[in-house]
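Geometric and topological summary
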Amino acid sequence: NAGVTQTPKFQVLKTGQSMTLQCAQDMNHEYMSWYRQDPGMGLRLIHYSVGAGITDQGEVPNGYNVSRSTTEDFPLRLLSAAPSQTSVYFCASSYSGHQLNTEAFFGQGTRLTVV
Amino acid sequence: GQQVMQIPQYQHVQEGEDFTTYCNSSTTLSNIQWYKQRPGGHPVFLIQLVKSGEVKKQKRLTFQFGEAKKNSSLHITATQTTDVGTYFCAGPIRAAGNKLTFGGGTRVLVKP
């Protein structure tokens, strides 16, 4: 059982480049989300999805797009990378993201550097 | 601003000693979760508390949910080097659409 799989693990981008961070889960979870982690800032929610075809913005959505065409996959797109997007990105999934949150399973993370 | 606050941000602990880290929310929470992230790793779920005043134990870790459901604590007894990492609390914040909002974390360093 793979859980939540993120690719790539490391990435270096030049300012202005675009790329997609991949996230897949095999637990049939409804709820998936993307967080970024910066020193001293904890985990900040970028975008989330409560099911296939449904996405919404989190706390820090600017500069990122998401889509959810299947239950399993939730890719995060950086449209035009900026140095401020240098961070560690985590994808997470859980059975339900509603009022009574269930355990969130995190991927291994993608360490992104924008130069 | 951050709606879930954790203190302290850093905790240096002598091996064998006890310590407590605290989590405070600006609003009442329906539940609170705790996660541990080892250096270089990803957050891993530890526990969820739901009831007012609830106390749960996992070996040397004791988790408590405040009576007003606005704060929580994690107490570790007889700290070991395996306790090194960052501990996060997280709760659904109404102002954030009830999505899981994480505190800034407490980074624990253990001195042997």
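What comes next concerns the included structure.

Definitions and cut-offs
Residues numbered from 1 in each chain as written. Chains lettered and ligands numbered in written order. Predicted model: local features only at pLDDT ≥ 70, side-chain atom pairs only at ≥ 80, totals over all residues. Heavy atoms only, no water. Pairing = 2+ DSSP bridges. Helix = DSSP H or I, 4+ residues; strand = E, 2+ residues; numbered from the N terminus. Axes fitted to C-alpha atoms, helices over the stretch in contact; angles between N-to-C directions. Contact = heavy atoms within 4.5 Å. Buried area = accessible area lost by both parts, 1.4 Å probe. Salt bridge = Lys/Arg side-chain N within 4 Å of Asp/Glu carboxyl O. Polar contact = N/O pair within 3.5 Å; in protein donor to acceptor, adjacent residues only side chain to side chain. Nonpolar A, V, L, I, M, F, W, Y, C, P; charged D, E, K, R; others polar. Buried < 20%, exposed > 50% of the residue type's maximum accessible area, 1.4 Å probe, protein only. 1 Å grid on protein atoms, 1.4 Å probe; cavity = no way out; pocket = protein on both sides within 12 Å on 5 of 7 lines; lining within 4 Å. Points joined across faces, edges and corners; volume = space filled by probe spheres on them.

Another point: the sheet that holds strand β7 (residues 64-66) of chain A. Residue and element names in this part refer to chain A. The sheet built from four strands is open, its strands ordered β1-β3-β8-β7 with antiparallel pairing. Strands at the two margins of the open sheet, each flanked by one partner only, are β1 (4-7) and β7. Averaged over all pairs of adjacent strands, the angle between strand axes in this sheet comes to 20 degrees, irrespective of strand direction. Taken together, the three bridges between strand β3 (residues 19-25) and strand β8 (residues 76-78) define a ladder with antiparallel strand orientation. By the bridge assignment for β8, Met-19 is matched with Leu-78.

Attention now goes to the interface of chain A and chain B. In this assembly, 22 residues from chain A lie in contact with 21 residues from chain B. Between chain A and chain B, the buried area comes to about 1800 Å², and carbon and sulfur atoms account for 52% of it. Remark: the boundary between chain A and chain B carries zero salt bridges. Linking chain A with chain B are four residue pairs in polar contact (both at pLDDT 80 or more). Among the elements of the structure, β4 (31-38) and β5 (42-51) of chain A are those that each provide at least two residues to the side of chain A that touches chain B. In terms of residues, the side of chain A that touches chain B owes the most to one element, β5(A), which gives five residues. Classifying every residue of the side of chain A that touches chain B by side-chain character gives 11 nonpolar, 10 polar and one charged.

This brings us to the pairing of strand β7 (residues 61-65) of chain B. Residue and element names in this part refer to chain B. On β7, burial follows the alternation: Leu-61, Phe-63 and Phe-65 on one face are buried, whereas Thr-62 and Gln-64 on the facing-out side are not. What sits between strand β6 (residues 55-58) and β7 in their antiparallel hairpin is a turn of two residues, with Lys-59 showing a positive phi close to 55 degrees. Across five bridges, the pairing between β7 and strand β8 (residues 71-76) is antiparallel. Opposite Gln-64, over in β8, you have Ser-73 as the bridge partner. Hairpin geometry of β7 and β8 is characterised by an intervening segment of five residues between the two adjacent antiparallel strands and by a positive phi of about 55 degrees at Lys-69.

Residue and element names in this part refer to chain B. Taking strand neighbours across the sheet as the criterion, the five strands line up as β1-β3-β8-β7-β6 in an open arrangement whose pairing is antiparallel. Every interior strand has two partners, whereas the edge strands, β1 (4-7) and β6, have only one. Across the sheet, the mean angle from the axis of one strand to that of its neighbour is 15 degrees, orientation sign disregarded. Two elements, strand β3 (residues 19-25) and β8, share six bridges in a ladder whose sense is antiparallel. Bridged to Phe-19 within β8 is Ile-76.

This paragraph deals with the layout of surface pockets. Once rolled over the atoms, a probe with the size of a water molecule shows which space is left empty. The calculated volume of the largest pocket comes to roughly 730 Å³. What lines the largest pocket is a set of 35 residues, and nearest its centre among them are A:Gln37, A:Arg111, B:Gln37, B:Gly40 and B:Thr86. Mapped by element, the contributors of at least two residues to the lining of the largest pocket are β4, β9 (87-94) and β11 (110-114) of chain A together with β9 (85-93) and β11 (106-111) of chain B. In terms of residue class, the lining of the largest pocket is built from 12 nonpolar, 18 polar and five charged.

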